[in-house]
Amino acid sequence: MKKRLWIIGIVVLFFGGIGVKHHVDQVKLHDEMIKIVKSDKAKKLFEEDLRTLDPKALTTQGVIKTYAIDYNSVKHNPMGGIMVVLKINNDPKLYVNVDLDKDTGQLEVGGDAISVKLDKRLEK
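Residues numbered from 1 in each chain as written. Predicted model: local features only at pLDDT ≥ 70, side-chain atom pairs only at ≥ 80, totals over all residues. Heavy atoms only, no water.

(A) Broad picture of the overall build of the protein. A count of helices and strands for the protein gives three helices and four strands. Starting at the N terminus and ending at the C terminus, the protein contains elements arranged as α-α-β-β-β-β-α. At 21 Å, the protein has a C-alpha radius of gyration far larger than the 14 Å of a compact globule built from 124 residues. Seen through its C-alpha atoms, the protein measures out along the principal axes to roughly 75 × 30 × 20 Å. Burial status across the protein gives 27% buried among its 124 residues. A separation of at least 24 residues holds for 37% of the contacts in the protein among residues at least 6 apart in sequence. Taken as a whole, the protein presents about 8,900 Å² of accessible surface, with 59% of it coming from carbon and sulfur. Across the protein, the centroid of the 21 positively charged side chains sits 8 Å from that of the 17 negatively charged ones. (Helix = DSSP H or I, 4+ residues; strand = E, 2+ residues; numbered from the N terminus. Rg over C-alpha atoms; globule rule 2.2 N^0.38 Å. Buried < 20%, exposed > 50% of the residue type's maximum accessible area, 1.4 Å probe, protein only. Contact = heavy atoms within 4.5 Å. Areas by Shrake-Rupley, 256 points an atom, 1.4 Å probe, with all protein chains shown as cover. Lys, Arg positive; Asp, Glu negative; His and termini not counted. Charge placed at Lys NZ, Arg CZ, Asp CG, Glu CD.)

This is the structure:
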């Protein structure tokens, strides 16, 4: 009976250790992604991407006047890269989902998707 308890205890510790390591790795990955998203290079890429959607972006004449990074939205893309949401003009219905990739060794925008409301405003 004591031998079984020892074995059960070892198994529980083993899987508990794996769980803790997985959690620590996820926290490190998330912290690294946040660091990349906050970088000057990412900011430059975000602004360039917004200007491709709206040539007058980030000016008083543009549809896109301001943007803010939603740090709670930062996630690892299963296909690689980082997914992040840019909130536009402080309106929760105006947003751009951006994928940051490092396929070529350099950080670049791999693609984006815009909200329906923002798309309609940009069409006008």
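(B) Highlighting the pattern of salt bridges. The tally for this structure, following the rule as stated, stands at one salt bridge. Measuring nitrogen to oxygen at the nearest pair gives 3.0 Å for the salt bridge that ties K117 to D91. One end of the pair, K117, is in helix α3 (residues 116-123); the other, D91, is in strand β3 (residues 91-101), and 26 residues separate them in sequence. With relative accessibility at 17%, the residue D91 sits in the buried group. (Salt bridge = Lys/Arg side-chain N within 4 Å of Asp/Glu carboxyl O.)

(C) A look at the side chain of E47. Mapped onto the secondary structure, E47 falls in helix α2 (residues 40-53). One buried charged residue, E47, forms no salt bridge at all, with the nearest opposite charge on K43 at 4.3 Å.

(D) Layout of a nonpolar patch on the surface. Judged by side-chain polarity, I7, V11, F14, F15 and I18 come together as a nonpolar surface patch covering roughly 500 Å² of accessible area. Here I7 shows up in helix α1 (residues 2-37). Looking at I7, the relative accessible area reads 47%, which means it is partly exposed. (Patch = residues over 30% accessible without salt bridge, like charges linked within 9 Å, V, L, I, M, F, W, Y side chains within 5 Å.)

(E) Broad picture of the nonpolar core. Counting 22 residues, the largest nonpolar core has V37, F46, L50, L86, I88 and L100 as the members making the most contacts within it. Among the secondary structure elements, those contributing two or more residues to this core are α1, α2, β1 (67-76), β2 (82-88) and β3. Residues in contact with V37, not counting those within four places in the same chain, are A42, F46, I69, Y71, V74, I82, V84 and L100. (Core = buried A, V, L, I, M, F, W, Y, C linked by side-chain atoms within 4.5 Å.)

(F) Representation of the confidence of the model for the protein in the model. For the protein, the average pLDDT comes to 88, and 100% of its residues sit at 70 or higher. Between the elements of the protein, mean pLDDT differs from a low of 82, seen in α1, to a high of 95, seen in β2. (pLDDT = per-residue confidence, 0-100.)

(G) Quick look at the side chain of D101. Relative to the helices and strands, D101 resides in strand β3. For D101, a relative accessible area of 13% gives the class buried. Look past the residues within four positions of D101 in its chain and what remains in contact with it is G80, G81, Q106, L107, E108 and G110.

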